[in-house]
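What follows is each chain in one-letter form.
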Amino acid sequence: MSEPLHAYAWQMPQWQDLQRLISAERLPHALLLSGPSAIGKLRFAHALVAYLLCESPSALAACGQCRSCHFQSDGAHPDCREICPEEGKRQIGIDQVRSLQQFSAQHAHRSGGKKLVLIHPAEAMNVHTANALLKTLEEPASGTLLILVSHSSSQLLPTIRSRCLQMSFGVPKNEFTEPWLRDYVGDQETAQRLLAEAGGRPLAARQVFEEDGLATRERFDKGLLALVDGQRSPLQFAEELLDADILQVLDWWVARLLSLSRYQLADQALTVSSWQRFKSLPAVAVIAGLERALKLRGSFNRGVALNKRLILESLFLEWTQLCQNRAVR
Ligand SMILES: [Zn+2]
C-alpha cells in the first residue's frame, strides 16, 4: 500500500481553491504553479496529479490504494507524463516535449478520465521548446490538463503564461512550517534556526539540516570574523573555503547579505547576531554584493565553469575593503 500523497499543510488555501474549481467543473486546461523554490510546489503538483487520477479520492488527497494510485506511485500511469530536464542537463529537450504529441492524441485509459502533463521547472524550456509545447497542447480535443511548475514565472513566454491559470505560492509562515520541520529534525530551536537560515523556505531548511549546514555556516561566519579582525587575509579565507561546496558557500553568502539588507532597510532581525558589526556598511553596497552573489550562484547552478578560487578571493577582498572604508572592527 502506498502512502496517500498530500499537499503540505501550508498549502491548504491553494488546495481548497482547486477543490472549488474541480467541484464546479471549472478546472482550466493549464495551471501554472509559481513561487520561490524549495517551498513544496512540486509536491503539491504530484498530490494534485494523484488526486485527479485516483478512482476514489477523499477531499484532501488521493486514496493511495486504488489501481490508479498504484500506477501513479510506480511512476507509470498511462494517463500521466512528467517532463523535467534529463539527468546532467539544465534544459528540457525539444524532443521530450514533441513526444507529448502522441500522448495528447490518444484517449485517456479511464473513460471520462483526464490526461495530465506535469512540466518542471517550466523555465527550463527555451523559446523553441515552449512553442513546441503550445503547438502540441493547443489542439482542442486533447482533454489534457497541463501543470507547469515555475520558480521564476517572469522568465516564461507571455503566450505560455496567458494560457494558464496562475496559482501563486509565497514563502509560507513559520507557524505552519515550524511544526513540520520540528518533527523532522527533533527540536524546536534547531527548526527555527534552520528556517531563519533558509529565508523561511521549508525544503531549503531541511536541506541545510541534511547537509549539516548549521555547523558549516557557523564555520564560515567564524572565518569571516577572523578576516575582518585581520587574523586572516582574503586569500587565506578563500583557500579555507575551497574544500567546501561552492554552492553551499554562495548560499550562505546570499543568505547573510539578504538578512543584512533586510535588517538595514526593513528593520528585520538578523539571522546571526555576529553580523551586527556590519550594520553601518552602506546599504547600496550590500545590495550590489547580494546581486553579484545571486548571479554567481545562478551561473554555478547552470553549470557554468568558473574559477572558484578567483571568485572567492575577489568576494572577500571586496568585503574587506568595504569594511576598512567604514572602519568596521
Ligand atoms: Zn486512489
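Note that the coordinates shown come from a computational prediction; the quantities given were computed from them, not determined experimentally.

Within an α-helix, residues lying three or four positions from one another point in the same direction, as the helix has 3.6 residues per turn. With twelve residues, helix α1 (residues 12-23) extends 16 Å from end C-alpha to end C-alpha; this agrees with the ideal 16 Å at 1.5 Å per step. When we look at burial in α1, the residues that qualify are Gln14, Trp15, Leu18, Gln19 and Leu21. Buried residues along α1 cover an arc of 165 degrees about the axis, so they all sit on one side. In α1, those exposed residues whose orientation departs by more than 90 degrees from the buried face are Arg20 and Ser23. The secondary structure elements touched by the buried residues of α1 are β1 (30-34), α2 (41-53) and β5 (165-168). Once α1 finishes, Glu25 follows within two positions and takes phi at roughly 55 degrees, a positive value.

Further remarks concern the coordination of the zinc ion. Donor atoms from the polypeptide that bind the zinc ion are Cys54 (SG), Cys63 (SG), Cys66 (SG) and Cys69 (SG), placed at 2.3 to 2.4 Å. One can describe the donor arrangement at the zinc ion as tetrahedral, given that its four donor atoms subtend angles of 102 to 117 degrees at the metal. Between consecutive donors of the zinc ion, the numbers of intervening residues give the motif C-x8-C-x2-C-x2-C. Pair check on accessibility: Cys54 and Cys63 agree, each one buried.

Looking now at the domain arrangement of the protein. Each assigned domain of the protein is listed here: domain 1 (9-168) and domain 2 (211-325). Each of domain 1 and domain 2 has a C-alpha centre, and these two points are 38 Å apart.

So, how was this worked out
- Residues numbered from 1 in each chain as written.
- Predicted model: local features only at pLDDT ≥ 70, side-chain atom pairs only at ≥ 80, totals over all residues.
- Heavy atoms only, no water.
- Helix = DSSP H or I, 4+ residues; strand = E, 2+ residues; numbered from the N terminus.
- Expected span 1.5 Å × (residues − 1).
- Buried < 20%, exposed > 50% of the residue type's maximum accessible area, 1.4 Å probe, protein only.
- Arc of directions from axis to C-beta.
- Contact = heavy atoms within 4.5 Å.
- Donors = N, O, S within 2.8 Å, 3.2 Å for Na, K, Ca; no water.
- Tetrahedral: all angles 85-135°; square planar, octahedral: opposite > 155°, others 65-115°.
- Domains from an automatic or database assignment.

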